Amino acid sequence: AYIWEGGTRLVVDEPSSMSSHGAWYNGFNGTEDGYALAGWVTSASATTPLKHPWSSNSAGLELYAIWKANAYTVKFNANGGSGGQAKDITATYGSAMPAISTTKPTRAGYAFQGWYDTSASTGGTQYYTADGKSARKWDKTSNTTLYARWTANTYNVRYFTKDGTHIGTDQKAYDAWFNLRGD
């Protein structure tokens, strides 16, 4: 029998009760989100997986899992804009986002805010800043599309009387409908 301890250590307490040494070892695939089991070692500091690290007298043997971070495809969607990062990238679980183009996408009347995991104008998680730098480590366990986030530019609408006297200013967002003031 064996004891699986928190995704990193396997303790073999009764190897004699295991049928065909190696069947359990080769077939045991613990899971860890974002990682694939690369093999087992007998020391927490070892890095090269062993083929058969036990014998018939292996009671109390401790095996440590070696995990390899999974890689995922990340696509980009300009979300109503154009340009910017066009090529897919590969992100590695638990690592900073890889370098991308620093050319920002553009959209008339809007300012680019970065790349997010939702096409909505709010919420979600930012993975790249507006200048193309990594905003966080990759924490998804599947291929994903990142979307450009846009904020509408604001403009000052100034009002004047017929004789040219300034009577007020309103700040309005691009594409927002509003009523003009009367005089």
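Preceding this section is the structure that the text describes.
Throughout, residues of each chain are indexed from 1 in the direction in which the sequence is written. In view of the model being predicted, local features appear only for residues whose pLDDT reaches at least 70, and side-chain atom pairs are presented and counted only at 80 or more, with totals across whole chains, interfaces and linings using the full set of residues. Here the side-chain values reflect all heavy atoms present in the structure, with hydrogen atoms and water set aside.

### Here's the deal with the packing of aromatic side chains
Right, so step 1: A pair of Phe, Tyr and Trp rings is counted when the ring centres sit within 6.5 Å of each other, with Trp represented by its six-membered ring. The angle between the planes then sorts it: under 30 degrees is stacked, over 60 is edge-to-face, the rest tilted. Applying the stated rule across the entire model yields eight aromatic pairs.
Right, so step 2: Ring geometry for F76 against W115: centres 5.0 Å apart, planes inclined by 80°, an arrangement best described as edge-to-face. Of the two residues, F76 sits in strand β5 (residues 71–77) while W115 sits in strand β7 (residues 110–116), which places them 39 residues apart along the sequence. The pair F76 / W115 is uniform in exposure class, with both members buried.
Right, so step 3: Consider the rings of Y127 and W138, whose centres lie 5.1 Å apart with planes at 50°: the pair is tilted. Here Y127 is found in strand β8 (residues 126–129), whereas its partner W138 is found in the loop between β8 and β9 (144–152), with 11 residues between them in sequence. Note on accessibility: Y127 and W138 belong to one class, buried.
Right, so step 4: Each residue in the set F76, F112, W115, Y128 and W150 is aromatic and connected to the rest through ring pairs, giving one cluster.
Right, so step 5: Just above the ring of Y116 sits the side chain of R149; from NZ or CZ to the centre is 3.8 Å. Comment: elements are numbered from the N terminus, with helices defined as DSSP H or I runs of at least four residues and strands as E runs of at least two. For every residue, the accessible area obtained with a 1.4 Å probe (protein chains only) is divided by the maximum for its type, and the residue is called buried under 20%, exposed over 50%, and partly exposed between those limits. Charge-over-ring placement is defined geometrically: NZ (Lys) or CZ (Arg) within 6 Å of the ring centre, and within 35 degrees of the ring normal.

### Quick notes on unusual backbone geometry
Right, so step 1: Within the chain, N79 stands out as a residue other than glycine whose phi angle is a positive 55°.
Right, so step 2: Inspection of the secondary structure assignment puts N79 in the loop between β5 and β6 (89–92).

### Digging into the pairing of β7
Right, so step 1: Among the seven residues that make up β7, five are buried, leaving the element largely enclosed by the rest of the structure.
Right, so step 2: Note: two strands are recorded as paired if DSSP finds a minimum of 2 bridges between them. Sheet topology note: the β7/β9 ladder contains six bridges and is antiparallel. Each bridged residue has a counterpart across the sheet, and for G114 the counterpart in β9 is R149.
Right, so step 3: Examined bridge by bridge, β7 and β8 share three bridges and lie antiparallel to one another. Bridge pairing in β8 places Y116 opposite Q126.

### Some details on the sheet that holds β6
Right, so step 1: Strand order in the open sheet formed by five strands is β6-β5-β9-β7-β8, with mixed pairing between adjacent strands. Every other strand in the sheet has two partners, leaving β6 and β8 as the edge strands with one partner each. Within this sheet the neighbouring strands show an average axis-to-axis angle of 40°, counted without direction.
Right, so step 2: Note: β5 against β6, four bridges, orientation antiparallel. Paired with Y72 across the two strands is A91, which belongs to β6. Note on geometry: axes are lines fitted to C-alpha atoms, helical ones only across the stretch in contact, with angles between N-to-C directions running from 0 to 180 degrees.

### Some thoughts on the nonpolar core
Right, so step 1: By size, the foremost hydrophobic cluster in this structure holds 17 residues, and its most contacted members are F76, M97, W115, Y128 and L146.
Right, so step 2: At the level of secondary structure, the elements contributing two or more residues to this core comprise β5, β6, β7, β8 and β9.
Right, so step 3: Every residue in contact with L146, bar those within four places of it in the chain, is listed here: V74, K75, F76, N77, M97, W115, Y116, D117, Y127 and Y128. Nonpolar cores were defined as sets of buried Ala, Val, Leu, Ile, Met, Phe, Trp, Tyr and Cys residues, with membership established by side-chain atoms within 4.5 Å. The contact definition used throughout considers only heavy atoms, calling two residues in contact when any of these lie within 4.5 Å.

Honestly, that's just the spatial picture; any functional story needs more than this.
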